[in-house]
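# Commentary on secondary and tertiary structure
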Amino acid sequence: MRSGVFEVDGAGLYYEVRGSGPALLMISGAGGDAGYYSGIAETLSDAFMVISYDRRGNSRSSGRSQTPMELDVQAADARALVDGLAGGRALVFGNSGGAIIGLTLAALHPEVMAGLVAHEPPAVNVLPDGDPGRGFFAELAALYEQGGAPAAGRRFAETIRGEGTYRWPADLWKRFLGNQDHLFGTEWPGFTAFRPDETALKSAPFPVVLGAGAEDRGTYYARPSIEIARRIGVPWVEFPGIHMEFLRNPAQFAAAVRVLATQMHSRTGDVPYLWQGTAQ
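The rules we used
Residue positions are given per chain, counting from 1 as you read along its sequence in written order. Restriction of local features to residues with pLDDT of at least 70 applies here, the model being predicted, together with a cutoff of 80 or more for giving and counting side-chain atom pairs; totals for whole chains, interfaces and linings are based on all residues. To obtain the side-chain values, all non-hydrogen atoms of the structure were used and water was disregarded. Comment: elements are numbered from the N terminus, with helices defined as DSSP H or I runs of at least four residues and strands as E runs of at least two. To get the radius of gyration, use the C-alpha atoms; to get the globule rule, take the number of residues to the power 0.38 and multiply by 2.2 Å. Throughout, exposure labels follow a simple rule: accessible area from a 1.4 Å probe, protein chains only, divided by the maximum for the residue type, with under 20% read as buried, over 50% as exposed, and the rest as partly exposed. The contact criterion used throughout is that any non-hydrogen atoms of two residues lie within 4.5 Å. Residue exposure ignores everything except the shown protein chains as possible cover, and the areas themselves are Shrake-Rupley values with a 1.4 Å probe. Counted as positive: Lys and Arg. Counted as negative: Asp and Glu. His and the chain ends are not counted at all. Charge positions come from single atoms, namely NZ of Lys, CZ of Arg, CG of Asp or CD of Glu. Residues belong to a common nonpolar core when they are buried Ala, Val, Leu, Ile, Met, Phe, Trp, Tyr or Cys residues joined through side-chain atoms within 4.5 Å. To obtain the arc, one takes the directions from the helix axis to the C-beta atoms. Salt bridges are defined by distance alone: a side-chain nitrogen of Lys or Arg within 4 Å of a carboxyl oxygen of Asp or Glu. For helices, the axis comes from a line fit to the C-alpha atoms of the stretch in contact; other axes are also lines fit to C-alpha atoms, and the angle between any two N-to-C directions lies between 0 and 180 degrees. An angle below 35 degrees is treated as roughly parallel, one above 145 as roughly antiparallel, one from 65 to 115 as roughly perpendicular, and anything else as oblique. By definition, turning the near helix anticlockwise from the far helix through less than a right angle yields a left-handed crossing, and turning it clockwise yields a right-handed one. Note on residue categories: nonpolar means Ala, Val, Leu, Ile, Met, Phe, Trp, Tyr, Cys or Pro, charged means Asp, Glu, Lys or Arg, and polar means any other residue, Gly included. A strand pair is defined by DSSP finding two or more bridges across the two strands. By definition, the crossover connecting two strands over a helix is right-handed if that path, from the first strand to the second, turns clockwise as seen with the strands pointing away from the viewer.

It is worth spelling out the overall build of the chain at this point. Looking only at helices and strands, the chain features 10 helices and eight strands. Compactness check: the chain gives a C-alpha radius of gyration of 17 Å against a globular reference of 19 Å for 280 residues, within 12% of the reference. Its C-alpha atoms put the chain at 50 × 45 × 35 Å along the principal axes. Across the 280 residues in the chain, those meeting the buried criterion constitute 58%. Excluding contacts between residues fewer than 6 apart, the proportion of contacts in the chain whose partners are at least 24 apart in sequence is 75%. Approximately 11,300 Å² of the chain is accessible, and the part contributed by carbon and sulfur atoms is 51%. Of the charged side chains in the chain, 24 are positive and 30 negative, and the gap between their average positions amounts to 2 Å.

What follows deals with the nonpolar core. Grouped together as the largest cluster of nonpolar side chains are 64 residues, with contacts concentrated most on F156, F184 and L210. Among the elements that take part in this core, helix α4 (residues 136-158) stands out by supplying seven residues, more than any other. In terms of nonpolar packing, the next biggest core, distinct from the first, is built from 31 residues, L24, F93, A114 and A261 among them.

Here we take up helix α5 (residues 170-178). Regarding α5, the residues found buried are L172, R175 and F176. All buried residues of α5 project into a common sector of 105° when viewed along the axis, lining one side. Turned more than 90 degrees from where α5 packs its buried face, A170 and K174 sit exposed. Check the buried side of α5 and you find it contacts α6 (180-193) and α9 (245-248).

Before going further, it helps to examine the pattern of salt bridges. It is possible for side chains bearing opposite charge to pair when their charged atoms get close. This structure, assessed with the given rule, holds 22 salt bridges. In this structure, the salt-bridge partner of D129 is R134, at a minimum N-O distance of 2.8 Å. A salt bridge links E198 to R231, with the shortest nitrogen-to-oxygen separation between them at 2.9 Å. Here the residue E198 occupies a position in helix α7 (residues 198-202), and R231 occupies one in helix α8 (residues 223-232), the gap between them amounting to 33 residues. Taking relative accessible area as the criterion, E198 reaches 25% and is therefore assigned partly exposed.

Helix-helix packing is characterised by the crossing angle of the two axes and by the distance between the axes. Where α4 contacts α6, the axes come no closer than 10 Å and their chain directions differ by 155°. Looking at the two axes, α4 sits roughly antiparallel to α6. The handedness of the crossing between α4 and α6 is right-handed. Note on element contacts: α6 touches α4 through Q180, D181, F184, G185, W188, F191 and T192, opposite F137, L140, A141, Y144, A149, A152, G153 and F156. Classifying every residue of the contact of α4 with α6 by side-chain character gives 10 nonpolar, four polar and one charged.

Spatially, the eight strands line up as an open sheet ordered β1-β2-β4-β3-β5-β6-β7-β8, and their pairing is mixed. Lying at the two open borders of the sheet, with one neighbouring strand each, are β1 (2-8) and β8 (236-239). Adjacent strand axes in the sheet meet at a mean angle of 25°, parallel and antiparallel pairs treated alike. Across four bridges, the pairing between strand β7 (residues 208-213) and β8 is parallel. Its bridge partner lying in β8, A212 is registered against E238.

So, about the pairing of strand β6 (residues 113-119). When you tally the buried positions in β6, you get seven out of seven residues, the bulk of the element. Examined bridge by bridge, strand β5 (residues 90-95) and β6 share six bridges and lie parallel to one another. Across the sheet, G94 pairs through a bridge with A118, a residue of β6. Running through helix α3 (residues 97-108), the crossover from β5 to the neighbouring parallel element β6 is right-handed.

With that settled, consider the side chain of N95. Locating N95 in the fold gives a position in strand β5. Residue classification places N95 among the buried residues on the basis of a relative accessible area of 0%. With near-sequence residues (within four places) excluded, N95 lies in contact with I27, S28, G29, Y37, H119, H243, M244 and F246.

This is the structure we're talking about:
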């Protein structure tokens, strides 16, 4: 593994690169960083050049600000990394908030995308009117205003299935806690307001796959993936495990990512039949 800091407009992004071959950029979700993907990146490095990074203002990257961050800034950072580290084109995997950034990147900068896997984007605005999940992000924002990051973070964690059933690496957990004010104070408005650009995604000149974990069926952060896939007419797949299965069981999760990434790179089809789920 090699690491460094990549300079972008207003920030230095810490990154890690493992392996060689087709580029695979992995975008972490809320509060996370490159450490989310250490296990699966190592496993996949025999076939891909896996790039992971700490998003602007998180962990070992600079650029923290008190000003709410637009998603187009997050997408521009990802594009800069693809241009600078991957020769201008990469497969992209994003989990949670990272999947939201991946969908934004695909809509705004399709020229750098070879394919997108969006795993459990919590795009609550696509849920039906009256669905209780639609108001959850606003609830967390209000809780942050009242009780700060610890209160909002505790409530958020309570809703994520499987958390507390396995141990995070100590260094990753420490960095995660240090990112909470940045998450809820700066990044949250962008995630809360997100609505996918369905027109752009429908016309994407590369394969797009939405997916969610088998143990997350019915959750507010899994159901949007099904709705987005339906709206833009792309495959939806079921991954093993929970929202953070790449931390709980990296070998199993990497196997699922390998199938999709290999299929996308070969372009022999949009998604392997055996991995296609039913959008119900």
